[in-house]
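Letter by letter, the chains look like this.
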Amino acid sequence: MAAIYQAVRRRASSLSCRLHSTYVRKMRYLNELKEDDSLCRQAQTSGTFYLFHNLSPFLQKVGKKYLVPQLSAAEMKRILEKFKETEQRIEKSVLIGCSDEHVPRFALDLGTLEKSVIESELKGSFTDLRKALFVVDGKDSPLLASAQSLLRWHDSHQYCGKTGQPTQKNVAGSKRVCHASGITYYPQMSPVVITLVSDGSRCLLARQPSFPRGMYTALSGFCDVGENVEEAVRREVAEEVGLEVESLWYSASQHWPFPSSCLMIACHALVRAQQAEISMNSLELEEARWFGLEETVEGLKREPRSSKQDDGRFLPWFPPKQAIAHQLIFEWVKQQTS
């Protein structure tokens, strides 16, 4: 009986620690901000702000590094006053997180204001997100991606799909409401499978015509309605390269803001070596081919600027470390070498 009592106490103690952990407190605080407009409005006066201009984030270059500055509420007020904008403009911001000390973080798009004036005032530049994700610190990339996705969603959901009437954003930006119909709209992500195919000794990488010269990556595609992940992987591999998946396993996931807010579900897939002849779908791909271990290892090391040769050809290179495709390729190499 005493042993049971001690086990219950240990479990209760463990639960108490979890409920009072930094992570739990943060999540509960953020949830309060999303549900309570007055509390979130108050948080805007003490929070920090990431700036965007037509969905391009603001960066500052310090030496060789690109930093993502966080402006205080006072700095935001000063910038808005310079453009004769009222503080109500801040209510167009969206909540994107908070620090461990519960300092709220917001993102605000100033696309209607003169870009060059803001850049001069703050000594930085608004940078295309595709470039920004690969030059900023790894901890900032997910924040910029989720911020742009949320800002883009609000920009494209200003009217109700049923009534055509304007929708109203809550202060945190976690939803929009059509008061005419009572419908509440929430930001959504589209599931995408990204799959590294292997025949046991080689991995299959492909490129689309829109890719930078020389870049190859894993196969990917949106999940169809009604599909599970396994069905989506098998269908995409069959459609794009004409191969039949024998087995597959999950690796990891990543939010990706292109072309809009996507949830990348990364998998490895195995096909039979005896049935590994590629039949490429030229409507979707420009090239697809098998890579051996040595060539894959070299591709992981190679940077885009070092891939161009004297004769104008490009050596293969792969997505950078921040992309989940890089993780899939790295995992495959690690598996082969172990």
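Residues numbered from 1 in each chain as written. Predicted model: local features only at pLDDT ≥ 70, side-chain atom pairs only at ≥ 80, totals over all residues. Heavy atoms only, no water.

Here is the rule: UniProt positions are given in the numbering used here, feature names are shortened, and annotations may be inferred rather than shown by experiment.
Going by the annotation in an unreviewed UniProt entry, the name recorded for the protein chain is NAD(+) diphosphatase, with Calonectris borealis given as the source organism. UniProt's Cofactor (unreviewed entry) comment on the protein chain is quoted here verbatim: "Mg(2+)".

Some remarks on the pairing of strand 5 (residues 94-98)
Moving residue by residue along a regular strand, the side chains alternate between the two faces of the sheet. We apply this condition: Only protein chains enter the accessibility calculation, which uses a 1.4 Å probe; a residue is then buried when its area is under 20% of its type maximum, exposed when over 50%, and partly exposed in between. Numbering of helices and strands runs from the N terminus; a helix is a DSSP stretch of H or I covering at least four residues, while a strand is a stretch of E covering at least two. Between any two strands, pairing holds if DSSP finds at least two bridges.
For strand 5, a buried count of 5 out of 5 residues is recorded, marking the element as mostly surrounded by other parts of the structure. Sheet analysis places strand 5 next to strand 6 (residues 104-109), joined by 4 bridges and oriented antiparallel. Bridge pairing in strand 6 links Leu-95 to Phe-106. Once strand 5 ends, the chain turns through 5 residues before running back antiparallel as strand 6, passing His-102 with a positive phi of about 65°.

Section: the UniProt feature "domain: Nudix hydrolase" (unreviewed entry) in the protein chain
Sites flagged by UniProt as "domain: Nudix hydrolase" (unreviewed entry) map to residues 187-320. Helix makes up 16% of residues 187-320 and strand makes up 31%, while its end C-alpha atoms are separated by 28 Å.

Some details on the pairing of strand 1 (residues 48-53)
Among the 6 residues of strand 1, 6 are classified as buried, and the element is accordingly described as predominantly covered. Burial along strand 1 is two-sided: Thr-48, Tyr-50 and Phe-52 facing one way and Phe-49, Leu-51 and His-53 facing the other are all buried. Two strands pair when backbone bridges link them, and strand 1 and strand 6 are joined in this way by 5 bridges, in the parallel orientation. What sits directly across from Leu-51, in strand 6, is Leu-108. Pairing between strand 1 and strand 4 (residues 71-72): 2 bridges, direction antiparallel. Counted as the bridge partner of Thr-48 is Ser-72 from strand 4.

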